[in-house]
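Structural overview for review
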Amino acid sequence: MEEHALTETDRGAALEVFGDRLGLAERYVGHLATSGIERGLLGPREVPRLWSRHVLNCAVAADLIPEGSTVADVGSGAGLPGLTFAIARPDLDITLIEPLERRCIWLGEVIEDLDLDNVRVLRGRSEQFFDDVDVDVVTARAVSALSKLANITLPLLHGTGQLLALKGRSAAEEIEKAQKALRKNGATATEILTAGADTLEEPTTVVRIRVGSA
Ligand SMILES: C[S@@+](CC[C@H](N)C(=O)[O-])C[C@H]1O[C@@H](n2cnc3c(N)ncnc32)[C@H](O)[C@@H]1O
């Protein structure tokens, strides 16, 4: 069995989030485990835990996104979480924002191979797109602490929408430290949510920041 194959433990969670699109998710994981590692998008130690720690951990948060939303995933890296959402939820329209060229090239190749028509890549820092990108939902994982993340993501909502930030145990402390940035960017509500509690051994902590009446 290949090191990145779906284990029986993870299969239930994978079927729950990807349903009949599980084959696409398996192809994505195949790319992560081969060219993704060779080209430095993830470290080789991640191969045995690509499903549990990366793909499923991200994909479970797809449930928090309203039907038919436009989504920008800021600092997408190897497509986490944005590509997992594009695979799990064909109803979403997703833009992956990533400044590093070699990561953008890899993402473009994977999107083409999976034949996904609901996702595209924009190369650059999110701040460069404040005038041009206007979405319902912004997502981010492992990009920066919430105090900075608020400044580089919330302007993409143009007054209405929500940020879903995948965070770890530091969530409450980060919210505390981000109060000034949240106020400055028009945040109206902040919650700490748990995604994947029924299916994952280690559920995902998501900070939801609402702006305007969303
Ligand atoms: C630690 S990686 C995380 C990648 C991915 N989100 C994940 O969870 O595996 C952080 C990513 O954010 C990108 N990044 C940093 N600052 C950014 C900005 N201002 N706008 C967009 N992307 C940014 C980096 O190029 C990098 O790919």
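I will try to describe carefully the structure that is included in this document. (Residues numbered from 1 in each chain as written. Predicted model: local features only at pLDDT ≥ 70, side-chain atom pairs only at ≥ 80, totals over all residues. Heavy atoms only, no water.)

1. Considerations on the overall build of the chain
Operational definition: In this description a helix means any DSSP run of H or I spanning at least four residues, a strand means any run of E spanning at least two, and both kinds are numbered starting from the N terminus. Here the globule rule is a power law, 2.2 Å times the number of residues to the power 0.38, and the radius of gyration is based on C-alpha atoms. Note on definitions: a residue-residue contact is assigned when non-hydrogen atoms from the two residues lie within 4.5 Å. Note on areas: these come from Shrake-Rupley sampling with a 1.4 Å probe, and a residue is covered only by the protein chains present in the view.
Regarding its fold elements, the chain presents 8 helices and 7 strands. Here the C-alpha atoms of the chain give a radius of gyration of 16 Å, agreeing with the 17 Å that 2.2 N^0.38 yields for 214 residues. Taken along the three principal axes of its C-alpha coordinates, the chain extends 50 × 35 × 30 Å. If you take every contact in the chain between residues at least 6 apart in sequence, the share linking residues at least 24 apart comes to 67%. Working note: accessible area of the chain is about 10000 Å², and carbon and sulfur atoms make up 46% of it.

2. Considering helix H6 (residues 146-153)
Helical geometry: 3.6 residues make up each α-helical turn, so side chains three or four residues apart lie on a common side. For clarity, the threshold we go by: Each residue's exposure class comes from its accessible area (1.4 Å probe, protein chains only) as a fraction of the maximum for that residue type: buried when under 20%, exposed when over 50%, partly exposed otherwise.
Those residues of H6 not exposed but buried are Leu-146, Leu-149, Ala-150, Ile-152 and Thr-153. Against strand E1 (70-74), strand E4 (137-141), strand E5 (161-167), helix H7 (171-177), helix H8 (179-184) and strand E7 (204-211) lie the buried residues of H6.

3. Digging into the side chain of Thr-95
Here is the rule: In protein, a polar contact means a hydrogen-donor-capable atom and an acceptor-capable atom, both N or O and within 3.5 Å, with residues adjacent in sequence counting only if both atoms are side-chain atoms; elsewhere, any N or O pair within 3.5 Å suffices.
Along the chain, Thr-95 falls in strand E2 (residues 93-98). At a separation of 2.9 Å, a polar atom in the side chain of Thr-95 contacts the side chain of Arg-120.

4. With respect to the site of the ligand
Operational definition: We define proximity as follows: a residue is near a molecule or strand when any one of its heavy atoms falls within 4 Å of that partner. The classification used treats Ala, Val, Leu, Ile, Met, Phe, Trp, Tyr, Cys and Pro as nonpolar, Asp, Glu, Lys and Arg as charged, and all other residues, Gly among them, as polar.
Lining the immediate environment of the ligand, one finds 16 residues, of which Gly-75, Leu-80, Glu-98, Arg-103 and Arg-141 sit closest. Interatomic distance of 2.6 Å between a side-chain N/O atom of Glu-98 and an oxygen atom of the ligand. Relative to its unbound accessible surface of 600 Å², the ligand loses 81% to contact with the protein. Residues belonging to the shell around the ligand are distributed by class as follows: 7 nonpolar, 4 polar and 5 charged.

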